[in-house]
Amino acid sequence: MIAPVDPAGEYKALKKRIDAAVREVLASGQFIGGVHVEGFEQEFAAFLGAAHAVGVANGTDALEVALAACGIGTGDNVAVPAFTFAATVEAVVRVGATPIIYDITESDFSIDVHAVGESIRAGQSIAAVIPVHLYGHPADMEGLLALQSEHGFKIVEDAAQSHGARIQIGGERKRVGRLGTFGCFSFYPTKNLGAAGDAGAIVTNDEALAARARLIANHGDAAKYTHVLPDGRNSRLDAIQAAILRIKLEHLDEWNSSRRRIAARYTQALDGVDARLPSERPGAESVFHQYALRIANRDQVLAKLREQGIAAGVHYPIAIPDQEGFADYADDHAQYPTARRAADEVLCLPIYPLMKDSDVETVIEAITALLA
Ligand SMILES: Cc1ncc(COP(=O)(O)O)c(C=O)c1O
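Cut-offs used in this document
Residues numbered from 1 in each chain as written. Predicted model: local features only at pLDDT ≥ 70, side-chain atom pairs only at ≥ 80, totals over all residues. Heavy atoms only, no water. Core = buried A, V, L, I, M, F, W, Y, C linked by side-chain atoms within 4.5 Å. Buried < 20%, exposed > 50% of the residue type's maximum accessible area, 1.4 Å probe, protein only. Domains from an automatic or database assignment. Helix = DSSP H or I, 4+ residues; strand = E, 2+ residues; numbered from the N terminus. Pairing = 2+ DSSP bridges. Right-handed = clockwise from strand over helix to strand, strands pointing away. Phe/Tyr/Trp six-rings, centres within 6.5 Å; stacked < 30°, edge-to-face > 60°. Lys NZ or Arg CZ within 6 Å of the ring centre and 35° of its normal. Axes fitted to C-alpha atoms, helices over the stretch in contact; angles between N-to-C directions. Parallel < 35°, antiparallel > 145°, perpendicular 65-115°, else oblique. Left-handed = near helix turned anticlockwise from the far one by under 90°. Contact = heavy atoms within 4.5 Å. Nonpolar A, V, L, I, M, F, W, Y, C, P; charged D, E, K, R; others polar. Expected span 1.5 Å × (residues − 1). Arc of directions from axis to C-beta.

Visitor: Give me the nonpolar core: which residues, what numbers.
Guide: Counting 77 residues, the largest nonpolar core has L67, F83, Y266 and L347 as its most contacted members. Lining this core are residues from two domains, each supplying at least three of them: domain 1 (7-249) and domain 2 (252-371). By size, the runner-up hydrophobic cluster in this structure holds 31 residues, among which are A21, A53, F187 and A242.

Visitor: Tell me about the environment of V156, and name the residues and values.
Guide: Along the chain, V156 falls in strand 5 (residues 154-158). Judged by relative accessible area, V156 falls into the buried class, the value being 0%. Sequence separation of V156 and T105 is 51 residues, and the distance between their C-alpha atoms is 19 Å.

Visitor: For the pairing of strand 3 (residues 98-102), give the residues involved together with the corresponding values.
Guide: Extensive coverage of strand 3 is indicated by the burial of four of its five residues. Note that strand 2 (residues 77-81) and strand 3 share five bridges and pair parallel. When the sheet's bridge partners are listed, A79 is paired in strand 3 with I100. Traced from strand 2 through helix 5 (residues 87-94) to strand 3, the parallel crossover comes out right-handed.

Visitor: Give a description of the packing of aromatic side chains that names residues and reports values.
Guide: According to the stated counting rule, one finds 11 aromatic pairs in the structure shown. Ring centres of F109 and Y135 lie 5.0 Å apart, and the angle between their planes is 70°; this geometry places the pair in the edge-to-face category. Of this pair, F109 sits in the loop between strand 3 and helix 6 (113-121) while Y135 sits in the loop between strand 4 (128-129) and helix 7 (141-151), placing them 26 residues apart in sequence. Put simply, the rings of F40, F44, F47, F185 and F187 touch in pairs and so form one group of aromatic residues. The residue whose ring lies beneath R175 is F47, and the NZ or CZ to ring-centre distance is 4.0 Å.

Visitor: Requested: an account of the packing of helix 4 (residues 59-69) against helix 5, with residues and values cited.
Guide: For the pair helix 4 and helix 5, interaxial distance at closest approach is 9 Å and the crossing angle is 40°. Considering their axes alone, helix 4 and helix 5 lie oblique with respect to each other. When you trace helix 4 past helix 5, the crossing you get is right-handed. Contacts between helix 4 and helix 5 involve T60, L63, E64 and L67 from the first element and A87, T88, E90, A91, V92 and R94 from the second. Here the contact of helix 4 with helix 5 is composed, by residue class, of five nonpolar, two polar and three charged.

Visitor: Any details on helix 10 (residues 252-270)? Residues and values, ideally.
Guide: Helix length check: helix 10, at 19 residues, gives a terminal C-alpha distance of 27 Å against a target of 27 Å (1.5 Å per residue), a fit within 8%. Of all the residues in helix 10, the buried ones are L252, W255, N256, S258, R259, I262, A263, Y266 and L270. An end-on view of helix 10 places all buried positions within 155° of arc, on one side of the element. Of the surrounding secondary structure, the elements contacted by the buried residues of helix 10 are helix 1 (7-13), helix 3 (35-48), helix 9 (239-249), strand 13 (291-294), strand 14 (346-349) and helix 13 (357-371). Downstream of helix 10 by one or two residues, G272 has phi in the positive range, about 105°.

These figures capture arrangement, not role.
See below:
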């Protein structure tokens, strides 16, 4: 059986240090906040080149708290892509705003910035845009930042799948998540940086916004039992998760390089099969959270791979406008051809940093035989 991901393998590789760190937190009795949460926040911000990071309970909360900290709420419209995980859109609805769903671009599966610009120029009001760096590939931040300078909306990056991905911007290589007003991360166990449970973080370069996000995520508590917001909440990063994340963060660049090496091998070996292979936009460096092929007869190929013990996946089989929960927000005129085709065609091959070369070759042989 070739698994799609291997969080237990990552634990085994770092077992000694993780076991010691977890025991240390348990013995300290400091389960909420404390040195590991503060340490991780500083180290993660430094890794990204951002000024501030605020630990929260998961990536969905990160998006919701970031939107709320931007002041987004009832009466505001937020642009989201038609092809993403549901959390991107849920967060908008949960703050009381309205998601405006845009199609994605064919090349990188992220929000069509050109379409957002056209609709704003045609009179659509947009208070914030959530670009999703899907599969670890940076969205078109250059285009979005240019549009932002014209129209002044907030940008809340959904970086849940792209820890460490980089983009060439203004002559500099920068990590995603520190380019918008806020960047939101999930440390769900299978992410490029994964905890041993739920965890997340919000990143920003703005001190006041960081303080606002921290306030919202901690019951609006400005000083002990001094609650300055009516709608604060509890969304905190656990000390045990923070201790584990600190150790795994030290390996993130190396593990992302490993993902890139496996992706390069797939691309080299599968060149010529009857599928569209993923590519990187010039100046963008993906961290290959997923390696997504596009295949016309996807479901048959998926079933055959599974018969052979290869757990390929489909992220995601239903586009956002076609989800029952979001149908009210779908724009009947938009059609979303690219997102709908992606939902029909994407097939994600197993990829994780500690994947054995022999397993990579087994996947290649199977795909080649099915798509020759
Ligand atoms: C694109 C995207 N956004 C948001 C999330 C939400 O993160 P979490 O599961 O930590 O709430 C995920 C995680 O699955 C995701 O893939």
